[in-house]
Amino acid sequence: LLYRYLLDNPEVVRNKQILDLGSGCGAAAIASKMGGASYVLANDIDPVAGAALTLNCQLNGLQPLPFLSENIIGVDKHLWSLIVLGDMFYDVQLADGLHRWLRCCIDQHGTTVLIGDPGRGHFIDHPIQKQLQKLAEYPLPESSQQENYGLTSTAVWKFKP
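Residues numbered from 1 in each chain as written. Predicted model: local features only at pLDDT ≥ 70, side-chain atom pairs only at ≥ 80, totals over all residues. Heavy atoms only, no water.

Moving on to helix α4 (residues 92-109). In this model α4 runs 25 Å from its N-terminal to its C-terminal C-alpha over 18 residues, within 8% of the 26 Å that 1.5 Å per residue would give. Within α4, the full set of buried residues consists of L94, A95, G97, L98, H99, W101, L102, C105 and I106. The inward-facing, buried residues of α4 abut β1 (17-21), β4 (82-86), β5 (112-117), α5 (121-124) and β7 (153-159). N-cap assignment for α4: the residue whose side-chain oxygen lies 3.2 Å from the backbone N of Q93 is D91. In the segment just after α4, G110 is the residue with positive phi, at about 70 degrees. (Helix = DSSP H or I, 4+ residues; strand = E, 2+ residues; numbered from the N terminus. Expected span 1.5 Å × (residues − 1). Buried < 20%, exposed > 50% of the residue type's maximum accessible area, 1.4 Å probe, protein only. Contact = heavy atoms within 4.5 Å. Polar contact = N/O pair within 3.5 Å; in protein donor to acceptor, adjacent residues only side chain to side chain.)

Below is the structure:
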């Protein structure tokens, strides 16, 4: 529900360059654009996510947003004002790579990083936990609870190394 946080707090994205990493259907990218972001790039290694983004933009009355289906973790050098990512800590290797790359973005460019996660094991047990500030918590709908092994809520965190 990272998108809900962005919709409720448009000042977080207004006039900023946003990367929606692991964008899936593009909900956070769309919320960023609706909140007044100056530029939004949705990125997901699943090319089907690009089609979903295009359809969701149409449903929300927006022009299609830029989409990139390459893995840019660790290689992207763009100066992003804000990187948003949701539910991406699903294995140790990815979690470690994200942690290193996001910290580099913060250290080199002053990028703000917001993470949405329902509390998956590789997120809760990862060292990144010591560097997070909880910004909001939202209950998961019952259908999402079933899909997420009974987890009942999700939180939005600010990464502060």
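Scanning the entire structure with this criterion turns up 3 salt bridges. One salt bridge connects E137 with K134, and the closest N-O pair in it is separated by 2.9 Å. Looking at K134, the relative accessible area reads 43%, which means it is partly exposed. (Salt bridge = Lys/Arg side-chain N within 4 Å of Asp/Glu carboxyl O.)

What helix α2 (residues 27-34) keeps buried is the set A28, A29, I30, A31 and S32. Against α1 (2-8), β1, β2 (39-43), α3 (47-59) and β4 lie the buried residues of α2. Just beyond α2, the residue with positive phi is G36, at close to 100 degrees.

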